[in-house]
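Structural characterization, general
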Amino acid sequence: MVLPGLVEGLPAHGVGNRQDLPLPFTLVVTGACIVLVLSFGALALWRAEPREPDRAGRRVPGWLASFLSAPVVRGLLAGVAGVLALVTVLALLVGSDGADNPAPYVVFVWLWIGLPFLSLVFGPVWRVVNPLRWVHRALSRLARVDPRVGLTPYPAWLGYRPAALGLLAFVWLELVQPDRTSRPVLTAWVLVVVVVTIPVSLVFGDVWFRRGDPFGLASDLYGALAPLGRRGDGTWTASGPVTGLARVVPAPGLLAAVSVMLGSTAYDGFAGNLAWTTYVQTSWSPVFFQTLGLVGFVLFVAATTGAACALAARVARKPLRGVATAFAPSLVPIAAGYVVAHYWSLLVFGGQVTWGLLSDPLGTGANYLGSAGLRPSTALVAPTLTAVIQVVAIVVGHVLGIVAAHDRALKLFDRRAAVVGQVPLLVVMVGYTVGGLVLLFSA
């Protein structure tokens, strides 16, 4: 996905072709697969007990915990996000309808791509900076409703399904919707989000932002991989990414949501293929075939993961119900690796463009931030550096996925069944690795 105005200067999501790799493509793929198999073998031999997320991790120093929890700090971050949201809305309402409008860049670069990167480093930041969450709290107080519980309990059967549907709707907007960066289209989508979120959150309370908000769920899942996290009692700890994933509460719709996160990024890479692009653009309905391709990738992730989990449950002689949902968090590191690999160049380059455009949000010739006319640096998107980041992100993401799957298997099955039952998942993850590298370096 490339926004208007970035085409001339933005490097491709991939490095261009296989010859741009600093190492031979075949060697990279072979090495990645060997790393995954060796990681699986090491876990099978030496790790026999699952992590206990409420005991794992090292407590952070008191001053750091106080800083992270300080209302002033959180209020300041929320204030900055609120101002950015207001400027974006103002640009949508009265700004230009051209490439100099910052609103599409804020939504598609800073929000959709920047949020996962920020969450991977700092944790689930959307809980703090989501402007609609603060609006919800203010309206709840005016209505004398407890913002934590709302008017009625959130139905358990809904689980993460609303967030999964919201994620699918947004990636459809990002990858399929014609004229998605135009003011009328983007304004309509923003209005729908506000109209849905505010009343529903008033009814169900804060739980909606954890279960039903697509950006909230994505930030929570990516944030589970962050080096800092909280135990169930609220204690701040420094721990590994798998410990954070162990704290994710499985619920209906979790596999669907993670499949959208992973499948949509994979489809975005595939959509850059010249043969596919030519076929779609010359077809009777480009929107139909693009939608079909996007949904197909999402269903492929869900189906292959579900089939592997079904085989694991059969080997362990356990009921199939709930197994795929329980293993769904192990796909989060893979999705994170795909996001870093696929969108690194767009975030670095497009993020600078966004900063420059925000200096004149209404196109009046202003320079409020002193960044108007900023020429983005390409130092961090050089082909060799980008290739290394992409390969490392893909491989590390899959290794962490194997570790997370092993940890989950030890909780659900006995040790022997946990090891043998993971073989189908290992095969699936090796396939994802090869497919991810092919998509990146054949675009």
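Residues numbered from 1 in each chain as written. Predicted model: local features only at pLDDT ≥ 70, side-chain atom pairs only at ≥ 80, totals over all residues. Heavy atoms only, no water.

1. What to know about the overall build of the protein
When you go through the protein residue by residue, the secondary structure sums to 20 helices and 3 strands. Rg of the C-alpha trace for the protein: 22 Å, near the compact-globule value of 22 Å for 443 residues, within the 12% margin. Scored against the burial criterion, the 443 residues of the protein give a buried share of 51%. For the protein, the separation between the mean place of its 30 positive charges and that of its 18 negative charges on side chains is 12 Å. (Helix = DSSP H or I, 4+ residues; strand = E, 2+ residues; numbered from the N terminus. Rg over C-alpha atoms; globule rule 2.2 N^0.38 Å. Buried < 20%, exposed > 50% of the residue type's maximum accessible area, 1.4 Å probe, protein only. Lys, Arg positive; Asp, Glu negative; His and termini not counted. Charge placed at Lys NZ, Arg CZ, Asp CG, Glu CD.)

2. Some points on the pattern of salt bridges
In total, this model carries 3 salt bridges according to the counting rule given. Residues Arg133 and Asp206 are paired through a salt bridge, measuring 4.0 Å at the closest nitrogen-oxygen approach. With Arg133 in helix H7 (residues 131-142) and Asp206 in the loop between helix H9 (183-204) and helix H10 (207-211), this residue pair connects regions lying 73 residues apart in the sequence. Asp206 shares its class with Arg133; the two are buried. (Salt bridge = Lys/Arg side-chain N within 4 Å of Asp/Glu carboxyl O.)

3. Observations concerning the confidence of the model for the protein
Of all residues in the protein, 93% have pLDDT values of 70 or greater, and the mean over the chain is 87. Confidence drops under a pLDDT of 50 for residues 7-20, and excluding neighbours within four residues, the segment shows 36 contacts in the predicted structure. (pLDDT = per-residue confidence, 0-100. Contact = heavy atoms within 4.5 Å.)

4. Considering the packing of helix H15 (residues 286-315) against helix H20 (residues 423-441)
Between H15 and H20, whose axes approach to 8 Å, the crossing angle comes to 155°. If you check the angle between H15 and H20, you find them roughly antiparallel. Residue-level inspection shows Phe297, Phe300, Val301, Thr304, Thr305, Ala308, Cys309 and Leu311 of H15 in contact with H20, the latter providing Pro424, Leu425, Val428, Tyr432 and Leu439. Residue composition of the contact of H15 with H20, by class: 11 nonpolar, 2 polar and no charged. (Axes fitted to C-alpha atoms, helices over the stretch in contact; angles between N-to-C directions. Parallel < 35°, antiparallel > 145°, perpendicular 65-115°, else oblique. Nonpolar A, V, L, I, M, F, W, Y, C, P; charged D, E, K, R; others polar.)

5. Some details on the packing of aromatic side chains
In this structure the tally under the stated criterion is 20 aromatic pairs. Measuring from centroid to centroid gives 6.0 Å for Trp112 and Phe215, while their planes differ by 80°, and the two rings are edge-to-face. Here the residue Trp112 occupies a position in the loop between helix H4 (103-111) and helix H5 (114-122), and Phe215 occupies one in helix H11 (residues 214-223), the gap between them amounting to 103 residues. Its relative accessible area of 11% is what places Phe215 among the buried residues. These aromatic residues form a ring-pair network of at least three members: Tyr267, Phe270, Trp276, Tyr279, Trp284, Phe288, Phe289 and Phe297. When the ring centre of Tyr160 is taken as origin, the NZ or CZ atom of Arg211, which lies over that ring, is 4.8 Å away. (Phe/Tyr/Trp six-rings, centres within 6.5 Å; stacked < 30°, edge-to-face > 60°. Lys NZ or Arg CZ within 6 Å of the ring centre and 35° of its normal.)

6. Focus: unusual backbone geometry
The phi dihedral of Arg144 is positive, around 60°, even though this residue is not glycine. Looking at where Arg144 falls in the secondary structure, it is placed in the loop between H7 and helix H8 (161-175). Since its relative accessible area comes to 80%, Arg144 is described here as exposed.

7. Digging into the sheet that holds strand S2 (residues 228-230)
Taken in spatial order, the 3 strands of this open sheet run S1-S3-S2, and their pairing is antiparallel. Bordering the open sheet on either side are strand S1 (58-59) and S2, each of which pairs with just one other strand. Two elements, S2 and strand S3 (residues 236-238), share 3 bridges in a ladder whose sense is antiparallel. Bridge pairing in S3 links Leu228 to Ala238. (Pairing = 2+ DSSP bridges.)

8. Considering H5
Considered for burial, the residues of H5 that qualify are Gly114, Leu115, Pro116, Phe117, Ser119 and Leu120. As for H5, its buried residues are in contact with H4, helix H6 (126-129), H11 and helix H17 (332-358). Count one or two residues on from H5 and you reach Gly123, which has phi positive near 95°.

9. Structural notes on the packing of helix H3 (residues 71-94) against H4
Closest axis-to-axis distance for the H3/H4 pair is 8 Å, and the angle between their directions is 130°. Taken together, the axes of H3 and H4 lie oblique to each other. On H4, the residues touching Leu84, Thr88, Ala91 and Leu92 of H3 are Ala103, Val106 and Trp110. Of the residues contributing to the contact of H3 with H4, the split by class is 6 nonpolar, 1 polar and no charged.

10. Topic: a nonpolar patch on the surface
Taken together, the side chains of Val89, Leu90, Leu93, Val94 and Leu362 make up a nonpolar region of the molecular surface, amounting to roughly 400 Å² of accessible area. As for its placement among the helices and strands, Val94 is situated in helix H3. (Patch = residues over 30% accessible without salt bridge, like charges linked within 9 Å, V, L, I, M, F, W, Y side chains within 5 Å. Areas by Shrake-Rupley, 256 points an atom, 1.4 Å probe, with all protein chains shown as cover.)

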